[in-house]
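Structure assessment
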Amino acid sequence: MTMTVAVQFWSYFASLTGTRSVEVEVPGGSVVGELLDAIYQRFPALIPFRSSTLIAIHLDYAAEADPLPAGAVVSLFPPVQGG
Amino acid sequence: MTMTVAVQFWSYFASLTGTRSVEVEVPGGSVVGELLDAIYQRFPALIPFRSSTLIAIHLDYAAEADPLPAGAVVSLFPPVQGG
Amino acid sequence: MERWLSLSESSIDEAALVGSRSASSTSGAVLCFSGVVRGLEQDQPVDGIDYEVFRAMAERQFHLLLDEMEARWPVESIRLVHRVGRVPTGETSLWVEVRTPHRGESFAALAWLIEQMKRRVPIWKHPYP
Amino acid sequence: MERWLSLSESSIDEAALVGSRSASSTSGAVLCFSGVVRGLEQDQPVDGIDYEVFRAMAERQFHLLLDEMEARWPVESIRLVHRVGRVPTGETSLWVEVRTPHRGESFAALAWLIEQMKRRVPIWKHPYP
């Protein structure tokens, strides 16, 4: 059983990956960190930014250990800088 | 040798003394504290406020130990409260 | 707490915002911060900044911050505008106003809000040359 | 440092003051405080405050404070209006704006200035019922 997760890239992560969003298949019951492993395999240009990458599920911040709900929209982005 | 010093009262010190200004004779070479002693003798209603009274000579703050220049205009007032 | 939040592509009319402030006889303090785009960004000359926003998440994160601010300080009103898209040098990109009963609260709440916004609200700056 | 100081009997037109702010490409931060007369003064209802001023000394003390502020922080502009005479509840008695290159400086300088003003500038409040 796999599930499909939508992943959005914001700010210069869109340039690094060459896209604003992708769909990724992950095993059912995966956590956010497992999705990230799949993303880094496909987009190694993001790897150097891993430690400062911010993660959201829908509109809320998430951590690598959080479970991935079915139909999740995950956003990945560098540190924010409003103001 | 005495000299004449003008003393102004501000805020509720004017109500307590019943006047906005007086002239006081003090010995030449007096310091501010000696002027205050003369003022408190004449206006005992000010005595309870002595510890929080602010003193200026012309437009600058002064202390009791400061010398009194000839022709000084001395102002006495309670704590300020702008804003 | 009166709460007004706007993420806008239009320039911020600060005089109009100040003129439209509602009256209050309990707020003794109004503190207002304007962030202005500078001609230098990280020591490089720039003509402006392009602000990218993840709008739905930015609005949600702003409201979470305002909930938290309201729980911590007696803020009677908060109005915030963040400009998005291109903002030329010298123009205001962020305008935020808080009203509180006393002065100290306005400084503490506003400093906290801006600091937290810069950590949590998904907006990014892209200088344009 | 641009410096503008006014002790005025007239009501303070904050929108006009904001609208007349001069442009700058080096100031990233503008912080503006308005002190508003509250309907309660030391828990007693009041209709307003009568501000008494020792004008010549107040102006001198304000300028001494601004000299000291300028020496401590990179303030590019300071504008300050303190209303004197009768100010009804709900109206602004103090308006002060600082512009600095960065945000932290604007908060530190403005908080310091208001705090010092309340200790050193000879203005007194007389509530009227």
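Figured I'd write up the structure that's included with this text. Quantities reported herein were computed from a predicted structural model and do not represent experimental measurements.

Thresholds applied
- Residues numbered from 1 in each chain as written.
- Chains lettered and ligands numbered in written order.
- Predicted model: local features only at pLDDT ≥ 70, side-chain atom pairs only at ≥ 80, totals over all residues.
- Heavy atoms only, no water.
- Least-squares fit on C-alpha atoms with pLDDT ≥ 70 in both.
- Contact = heavy atoms within 4.5 Å.
- Helix = DSSP H or I, 4+ residues; strand = E, 2+ residues; numbered from the N terminus.
- Polar contact = N/O pair within 3.5 Å; in protein donor to acceptor, adjacent residues only side chain to side chain.
- Core = buried A, V, L, I, M, F, W, Y, C linked by side-chain atoms within 4.5 Å.
- Buried < 20%, exposed > 50% of the residue type's maximum accessible area, 1.4 Å probe, protein only.
- Buried area = accessible area lost by both parts, 1.4 Å probe.
- Salt bridge = Lys/Arg side-chain N within 4 Å of Asp/Glu carboxyl O.
- Nonpolar A, V, L, I, M, F, W, Y, C, P; charged D, E, K, R; others polar.
- Pairing = 2+ DSSP bridges.
- Phe/Tyr/Trp six-rings, centres within 6.5 Å; stacked < 30°, edge-to-face > 60°.
- Lys NZ or Arg CZ within 6 Å of the ring centre and 35° of its normal.
- Axes fitted to C-alpha atoms, helices over the stretch in contact; angles between N-to-C directions.
- 1 Å grid on protein atoms, 1.4 Å probe; cavity = no way out; pocket = protein on both sides within 12 Å on 5 of 7 lines; lining within 4 Å.
- Points joined across faces, edges and corners; volume = space filled by probe spheres on them.

1. Examining the relation of the copies chain C and chain D
It takes a turn of 180° to lay chain C on chain D, together with a shift of 0.0 Å along the axis; the resulting RMSD is 0.0 Å. In the structure described here, the two chain copies are related by an operation that fits a two-fold rotation axis. The rotation axis passes nearest to the C-alpha of C:A15 in chain C, at a distance of 2.2 Å. Interface overlap between copies: 100% of the residues of chain C at the interface are likewise at the interface in chain D, consistent with a symmetric, same-surface contact.

2. What to know about the side chain of A:S75
Following the sequence through the fold, A:S75 ends up in strand β5 (residues 73-77). Side chain to side chain, A:S75 and A:Q8 meet in a polar contact 3.0 Å long. Once you skip the residues sitting within four places of it in the chain, A:S75 turns out to touch A:Q8, A:W10, A:L54, A:I55, A:A56 and C:F54.

3. Looking at the nonpolar core
Within the largest apolar cluster, 62 residues are counted, with the highest numbers of intra-cluster contacts made by C:M69 and D:M69. Discounting chain neighbours no more than four positions away, the residues touching C:M69 are C:M1, C:V75, C:I78, C:V98, C:A109, C:W112 and C:L113.

4. Structural notes on the interface of chain D and chain B
Every contact between the two is made by 22 residues of chain D and, on the other side, 18 residues of chain B. In this assembly, chain D packs against chain B so that about 1,600 Å² is buried in total across both faces, 57% of it on carbon and sulfur atoms. Interface area lost by chain D to chain B is led by D:F54, D:M57 and D:W124, which between them contribute 36%. Counting every contact that joins chain D to chain B gives two salt bridges. A salt bridge links D:E52 to B:R20; the nearest nitrogen and oxygen atoms lie 3.4 Å apart. Counting across the interface, chain D meets chain B through twelve residue pairs in polar contact (both at pLDDT 80 or more). Residue assignment for the side of chain D that touches chain B shows that the elements contributing at least two residues are β5 (48-53), α2 (55-72), β8 (92-100), α3 (103-120) and β9 (123-128) of chain D. Residue contributions to the side of chain D that touches chain B peak at five residues, all from α2(D). For the side of chain D that touches chain B, a count of residues per class yields twelve nonpolar, four polar and six charged.

5. Things to note about the pairing of β5(A)
All names here are of chain A. Taken across its five residues, β5 has four buried, putting it largely inside the fold. In this structure, strand β1 (residues 2-9) lies alongside β5, joined through four bridges in parallel fashion. For A6, the partnering residue across the bridge sits in β5 and is V73. As paired strands, strand β3 (residues 54-57) and β5 are joined by four bridges and run antiparallel to one another. Bridging from a neighbouring strand, A56 pairs with S75 of β5.

6. Side note on the arrangement of the chains
Contacts are most numerous, across the three pairs of chains in contact, for chains C and D. At no point do chain A and chain B touch; the closest pair of C-alpha atoms across them sits 29 Å apart.

7. Examining the packing of aromatic side chains
In this description, an aromatic ring pair is defined by two values, namely the gap between the centres and the angle between the planes. Applying the stated criterion across every chain yields a total of 21 aromatic pairs over all chains. Each ring, one from B:Y12 and one from B:F13, has its centre 5.6 Å from the other, and the planes form 75°; the classification is edge-to-face. Its relative accessible area of 1% is what places B:F13 among the buried residues. Each ring, one from C:W73 and one from C:W112, has its centre 5.6 Å from the other, and the planes form 55°; the classification is tilted. Linking C:W73 in the loop between α2 (55-72) and β6 (77-83) with C:W112 in helix α3 (residues 103-120), this pair joins segments that are 39 residues apart in sequence. Residue classification places C:W112 among the buried residues on the basis of a relative accessible area of 11%. These aromatic residues form a ring-pair network of at least three members: A:W10, A:Y61, A:F77, C:F54 and C:W124. Taking the ring centre of C:Y128 as reference, the NZ or CZ of C:R86 above it sits at 3.8 Å.

8. Thoughts on the sheet that holds β3(A)
Residues and elements named next belong to chain A. Spatial strand order, β2-β1-β5-β3-β4: five strands in an open sheet with mixed pairing. Looking at which strands have only one partner, the edges of the open sheet turn out to be β2 (21-27) and β4 (60-61). Most of the contacts of helix α2 (residues 32-42) go to β2, to which it runs at about 125°, and overall it touches β1, β2, β3 and β5.

9. Topic: the interface of chain C and chain D
Tallying the contact residues gives 33 residues for chain C and 33 residues for chain D. Together chain C and chain D conceal approximately 2,400 Å² of surface at their shared face, both sides included; 56% is due to carbon and sulfur atoms. When the buried area of chain C at its contact with chain D is split by residue, C:R38, C:R103 and C:F107 rank highest and sum to 25% of it. Between the two partners, chain C and chain D, sit four salt bridges. Put simply, chain C and chain D have 15 residue pairs in polar contact (both at pLDDT 80 or more) between them. Secondary structure elements with two or more residues in the side of chain C that touches chain D: α1 (14-19), β2 (29-36) and α3 of chain C. A per-class count over the side of chain C that touches chain D returns 13 nonpolar, 14 polar and six charged. Bridge analysis of β2(C) against strand β2 (residues 29-36) of chain D gives seven bridges, and the strand direction is antiparallel. Counted as the bridge partner of C:F33 is D:L31 from β2(D).

10. Focus on empty space enclosed by the protein
Within the structure shown, the criterion is met by one cavity of 30 Å³ or more. Counted as a void, the largest cavity has a volume near 130 Å³. Elements represented by at least two residues in the lining of the largest cavity include exactly α1, β2 and β8 (92-100) of chain C together with α1 (14-19), β2 and β8 of chain D. For the lining of the largest cavity, the residue count by class is ten nonpolar, two polar and six charged.

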